[in-house]
Amino acid sequence: MAKDIVGVQYLRGLAALAVVVDHTAASVASPKYFGEPVLDGLLYRGASGVDLFFLISGFIITVVSLDGDWQPKVKIADFFWRRFKRILPLMWIAIISWAVLRYIGRGVFPLQPYLMAMVVSPVGNLEPVGIWTLRHEFIFYTVFALTMLGPRWGRLVLVAWCLSPLLLMGWEGPELLEKIAYPVNVEFGAGVLVGLAWLKRGAQFRISIEPFWLMVLGLIGLMLFGQLVDLTFHELPKTLMAAAFCTPILLFGVYVICPPGVVSSIGLALGNASYAIYLFHPHAISSVTGILGKVTPQAPPGLVIVLVVVIATLAGYLAHLVVEKPILAFLLRSRRVSELGKPA
């Protein structure tokens, strides 16, 4: 199981933390708060954590859905049920709570983008804006399920979907087609390839130092690379570069042996809570930055960023413990009860 590959959990947590750093730095630099960027905008490149997320998603979905011969080990209906319980309930809570915060802070909020986010609409504007990544996750899930879990010939469709940004490069079409053939498809495809390789040869190797810190260096390197080439999600050449940079990081995380210990416990905790951290960190960033901007407007922006990143990460971890885990336990229990009630 992908969850047993400790390095992948490390990377999930670090990718989420990179996104928190990006959003915190952007918020602190806003004129209505502290109005001063830190490190010449380098911290904004924490957004590259999303690129790594997409590769990780491609890997995990492949490993949990296929066996060693690349044959389906889960039915399509079960696949979508697992994705539903893992993604949507917590996402709905995050969207509703964000809308409430917006209403408290501004007295009004546009209803349509929130409703479209609730159904993960493939087109249109979504609020909160971070839901855009889940839009592409669900497009990937749908394509993967209908191809890799169906007839073997359907797998060519997955290949075509992953390559569609290349095939349609420079062609302007309707928004739906644009979203279906979005540049990040190549990142999901890279993750799928790593997953297929792992299923065929899953032997891991051991190194003499704690791999977590090498993964941290890998994420910092990704941010520096993003600053150098100005990585953006909607430009195919740059997304290809991001995929090329992230693939070795993912391969290292997949194949390296991570020894147990304090570092492992922290890395696993971050990884397990990564989805909740991603969904709920904007709530904490908005609230805490606003408070600090009024209470200590002269505080050093760098120190503010560190403080807000810590608080936002802890808020996401708390959401994981008190919201996400109980929801998943309830849905799993409900599923078991319904299955027990089925006729033999």
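Residues numbered from 1 in each chain as written. Predicted model: local features only at pLDDT ≥ 70, side-chain atom pairs only at ≥ 80, totals over all residues. Heavy atoms only, no water.

Of regular secondary structure, the protein possesses 13 helices and zero strands. Start at the N end of the protein and walk to the C end: the helices and strands fall as α-α-α-α-α-α-α-α-α-α-α-α-α. Relative to the 2.2 N^0.38 estimate, which gives 20 Å for 344 residues, the radius of gyration of the protein is 20 Å and therefore close to what a compact globule would have. C-alpha extents for the protein along the principal axes are approximately 65 × 50 × 50 Å. The buried share of the protein, reckoned over its 344 residues, is 51%. (Helix = DSSP H or I, 4+ residues; strand = E, 2+ residues; numbered from the N terminus. Rg over C-alpha atoms; globule rule 2.2 N^0.38 Å. Buried < 20%, exposed > 50% of the residue type's maximum accessible area, 1.4 Å probe, protein only.)

This part is about unusual backbone geometry. A cis amide bond, omega -5°, links Glu-127 with the succeeding residue Pro-128. Within the secondary structure layout, Pro-128 lies in the loop between α4 (111-118) and α5 (132-148). For Leu-39, which is not glycine, the phi torsion reads 55° and is therefore positive. Locating Leu-39 in the fold gives a position in the loop between α1 (6-28) and α2 (48-65). Relative accessible area serves as the criterion here: at 55%, Leu-39 is assigned to the exposed category. Not every positive phi belongs to a glycine, and Asp-230 is a case in point at roughly 60°. On the secondary structure map, Asp-230 appears in the loop between α9 (211-229) and α10 (236-255).

To continue, consider the pattern of salt bridges. By the definition in use, this model includes six salt bridges. One salt bridge in this structure joins Glu-178 and Lys-179, with 3.9 Å as the shortest N-O distance. Accessibility expressed as a relative area gives 43% for Glu-178, which makes it partly exposed. Lys-179 gets classed as buried once you look at its relative accessible area, which sits at 11%. Ionic contacts of the salt-bridge type, sharing partners, join the residues Arg-45, Asp-230, Glu-235 and Lys-238 into one network. (Salt bridge = Lys/Arg side-chain N within 4 Å of Asp/Glu carboxyl O.)

Structurally, the position occupied by Val-194 is in helix α8 (residues 185-200). On the basis of relative accessible area, Val-194 is assigned to the buried category, the value being 4%. It is 9.1 Å that separates the C-alpha atoms of Val-194 and Ile-56, two residues lying 138 residues apart in sequence. Ignoring any residue separated from it by four or fewer positions in sequence, one finds Val-194 in contact with Phe-59, Thr-247, Leu-250, Leu-251 and Val-254. (Contact = heavy atoms within 4.5 Å.)

To characterise two packed helices, one gives the angle between the axes of the helices and the distance between these axes. Put simply, α5 and α8 touch, their axes get as near as 12 Å, and they point 45° apart. Between α5 and α8, the interaxial angle falls into the category oblique. Crossing handedness for the pair α5 and α8: right-handed. Of the residues in α8, those in contact with His-136, Glu-137, Phe-140 and Met-148 of α5 are Phe-188, Val-192 and Leu-196. (Axes fitted to C-alpha atoms, helices over the stretch in contact; angles between N-to-C directions. Parallel < 35°, antiparallel > 145°, perpendicular 65-115°, else oblique. Left-handed = near helix turned anticlockwise from the far one by under 90°.)

On to a nonpolar patch on the surface. A cluster of nonpolar side chains, Val-159, Leu-163, Leu-166, Leu-167, Leu-168, Trp-171 and Leu-240, forms an exposed patch at the surface whose accessible area comes to about 630 Å². Considering every element that reaches the nonpolar patch, the biggest residue donor is helix α6 (residues 155-167), with four residues. For Leu-166, the location among the structural elements is in helix α6. (Patch = residues over 30% accessible without salt bridge, like charges linked within 9 Å, V, L, I, M, F, W, Y side chains within 5 Å. Areas by Shrake-Rupley, 256 points an atom, 1.4 Å probe, with all protein chains shown as cover.)

Membership of the largest hydrophobic core comes to 98 residues, with the highest contact counts inside it found for Phe-59, Met-91, Phe-144 and Leu-279. With twelve residues, α1 is the largest single contributor of residues to this core. (Core = buried A, V, L, I, M, F, W, Y, C linked by side-chain atoms within 4.5 Å.)

Mapped onto the fold, Arg-155 is located in helix α6. In terms of polar contacts, Arg-155 uses its side chain to reach the backbone carbonyl oxygen of Trp-70, at 2.5 Å. Beyond its immediate chain neighbours, meaning those up to four positions away, Arg-155 contacts Leu-66, Trp-70, Gln-71, Pro-72, Thr-147 and Met-148. (Polar contact = N/O pair within 3.5 Å; in protein donor to acceptor, adjacent residues only side chain to side chain.)

A word on the environment of Leu-134. Note that Leu-134 resides in helix α5. In this structure Leu-134 comes out as buried when scored by relative accessible area, which is 5%. A C-alpha to C-alpha distance of 8.4 Å links Leu-134 and Ile-87, two positions 47 residues apart in sequence. Setting aside chain neighbours within four positions, we find Leu-134 in contact with Ile-87, Met-91, Val-120, Tyr-275 and Leu-279.

On to α1, then. The end-to-end C-alpha separation of α1 is 33 Å, in line with the 33 Å expected for 23 residues at 1.5 Å each. Burial of α1 is extensive: 19 of the 23 residues sit out of reach of the surface. (Expected span 1.5 Å × (residues − 1).)

Our focus in this paragraph is the packing of aromatic side chains. Applying the stated criterion to the full structure yields 19 aromatic pairs. With a centroid separation of 4.8 Å and an interplanar angle of 45°, the aromatic rings of Phe-54 and Phe-188 are classed as tilted. Of this pair, Phe-54 sits in helix α2 while Phe-188 is found in helix α8, placing the two residues 134 residues apart along the sequence. What links up through ring pairs into an aromatic cluster is the set Phe-54, Phe-79, Phe-80, Trp-132, Phe-138, Phe-140, Tyr-141, Phe-144, Trp-161 and Phe-188. (Phe/Tyr/Trp six-rings, centres within 6.5 Å; stacked < 30°, edge-to-face > 60°.)

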